Amino acid sequence: MHFIKRASLQIAVRNPRFRRLRYMGSLLSIGLVLALTRCSMPYVLPTTTEAQPAEGPGRLITSESKDCKDPALASQIQGKLQLTLVHGNRVIPVRPGSHITISHPRFALLFNMAEYDLFCDRFTAARVMASQNADFIEGIVTPPFQIKDTSYLGAGWSMATDLSMRYDTLFLTEGGMHYLILNVQGEPIEQRLSIQRVLGPGFYQMRWDIFAVARTTDDSLKYLGEDKTTFAMLFFRDSDLDEIVETGEFMVFYITIAPDRSN
C-alpha cells in the first residue's frame, strides 16, 4: 500500500484532532459548493496550458518496473524549487520571505515537481503548513532537518482532504500539513493537484487551487477573508527525496488577505 494511503487513512489514529478535521472537511466542502453557487461572476485563474495528463500508456511504477527512474536522479530532474502565486490576473513569483497581499482567499500556487511515483521506491510530494502564528511557521525547521513519521512534515502530520479528495481549503493550523501529490494514472485520492504545464516525462509545473482559507482549533473551524488577515506558509518539496529539509528545498513566506471594500 502506498505511503499516501497510509498517511491518509491512519492520520485519525496518529492525531485524534483530525478525526474532527475530516468531519469538518466534509462540512467545509459542502459549504464551499453552496458559497460558490452564490457568486455571480466567479474568478477565473489563468492557465498557460490545459491541465491534461502527459501522453503515454498507463503504468504501475514499482522497483521492478523498467519505467521508474533511479531516485539518485531526482534532484537533477526536479531542479530548484520554483514557486508562483496566481491571484486573479496577477502572477507573482514567490521568494523566501515574500510578503504578498491578495484581495480575497481564492488563489493558486504553481510549482515544479515530479509525478508521485516517478522514482523507484520513493514518493514525490510537496508538504505545506500554514498558520497565523508566524513564529511557529518560521521555527518549524532549521536545515538540515531530518523528517520522521511523528516529526513536523512527517507522515503523522498529513491532514485528510476535502470531499473532492483535494485540499480545496487551506487550513491554518499548527497540528497538521497539506500533503500534495499527483499520480496521473492513480486513484482520485492520489490526484490532489492539476497539471499547469508539462516540463518533461513525468515532470510538471503543478497547480494547487485554493478556494477558501480557514483557521482550525481543536473544536472549531472559522473561514477567513471577510476581514484583513495575515498568515505565514511553509512550502517544502524534497528535491533529492532523502527526507531531509535542506536550504533551497523550502520557502517561508507571508500572505495578507485584505478585502477590497470599494466593490
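Nothing here was measured: the structure is a model prediction, and the numbers come from that model. Residues take numbers from 1 onward in each chain, read along the sequence in its written order. pLDDT decides what is reported in this predicted model: residues at 70 or higher carry local features, side-chain atom pairs at 80 or more are listed and counted, and totals for whole chains, interfaces and linings draw on all residues regardless. Water and hydrogen atoms were dropped before computing side-chain values, which therefore reflect all heavy atoms in the structure.

A.B. asks: Sorry if this is basic, but what is going on with the nonpolar core here?
C.D. replies: Soluble, globular proteins show a tendency: their nonpolar side chains are buried together. The nonpolar core is taken to be a set of buried Ala, Val, Leu, Ile, Met, Phe, Trp, Tyr and Cys residues, with the residues joined through side-chain atoms within 4.5 Å. Each residue's exposure class comes from its accessible area (1.4 Å probe, protein chains only) as a fraction of the maximum for that residue type: buried when under 20%, exposed when over 50%, partly exposed otherwise. Core analysis: the largest hydrophobic core is formed by 58 residues, its most contacted members being Phe111, Leu170, Trp208, Met233 and Phe235. Among the elements that line this core, the one with the most residues is strand β15 (residues 250-257), at seven residues. Working rule for contacts: check all heavy atoms of both residues, and any pair within 4.5 Å makes them a contact. Dropping the residues within four chain positions of it, Leu170 is found in contact with Phe107, Ala130, His178, Trp208, Ile210, Ala212, Val213, Ala214, Phe231 and Met233. Counting six residues, the second largest nonpolar core, distinct from the first, contains Ala74, Ala114, Phe119 and Phe203. Counting from the N terminus, the helices are the DSSP runs of H or I reaching at least four residues and the strands are the DSSP runs of E reaching at least two.

A.B. asks: What should I look at first to understand the pattern of salt bridges in this one?
C.D. replies: Close approach of charged atoms allows side chains with opposite charge to pair. Counted as salt bridges are all cases of a side-chain nitrogen of Lys or Arg within 4 Å of a carboxyl oxygen of Asp or Glu. Within the structure shown, the criterion is met by two salt bridges. Across the salt bridge formed by Arg127 and Glu243, the nearest N and O atoms sit 2.6 Å from each other. Residue Arg127 is located in strand β5 (residues 126-131), and its partner Glu243 is located in the loop between β13 (229-237) and β14 (244-245); the two are separated by 116 residues in the primary sequence. When the shortest N-O distance is used, the salt bridge between Arg207 and Asp209 registers 3.1 Å.

A.B. asks: What is the right way to read the state of the cysteines from this model?
C.D. replies: Linking two cysteines covalently through their sulfur atoms gives a disulfide. The criterion for a disulfide is a pair of cysteine sulfur atoms lying within 2.5 Å. Within the structure shown, the criterion is met by one disulfide. One disulfide bridge connects Cys68 with Cys120, the sulfur atoms lying 1.8 Å from each other. Residues Cys68 and Cys120 are joined by a disulfide whose S-S torsion is about 90°; by sign, that bridge is right-handed. Placement of the pair is Cys68 in the loop between α2 (17-37) and α3 (74-78) and Cys120 in the loop between β4 (107-114) and β5, with a sequence separation of 52 residues. By relative accessible area, which is 15% here, Cys120 ends up buried.

A.B. asks: Teacher, can you tell me more about the sheet that holds strand β1 (residues 83-87) here?
C.D. replies: Two modes of strand pairing occur in sheets, parallel and antiparallel, and in both the strands are linked by backbone hydrogen bonds. Strand order in this open sheet of five strands is β2-β1-β4-β10-β9, and the pairing throughout is antiparallel. For this open sheet the edge positions go to β2 (90-94) and β9 (194-200), each flanked by a neighbour on one side alone. Averaged over all pairs of adjacent strands, the angle between their axes in this sheet comes to 25°, without regard to strand direction. As paired strands, β9 and strand β10 (residues 203-210) are joined by five bridges and run antiparallel to one another. For two strands to pair, DSSP has to find at least two bridges joining them. Here the axes come from fitting lines to C-alpha atoms, over the contacting stretch only for helices, and the angles between their N-to-C directions go from 0 to 180 degrees.

A.B. asks: Whenever I open this one, the sheet that holds strand β3 (residues 99-102) confuses me. Can you help?
C.D. replies: The sheet built from five strands is open, its strands ordered β3-β15-β13-β5-β8 with mixed pairing. Of all the strands in the sheet, the pair left with one neighbour each is β3 and β8 (178-180). Going across the sheet, the axis of each strand differs from the next one's by a mean of 25°, ignoring polarity. By the bridge criterion, three bridges tie β5 to β8 in an arrangement that is antiparallel. Residue pairing across strands places Ala126 opposite Leu180, the latter belonging to β8.

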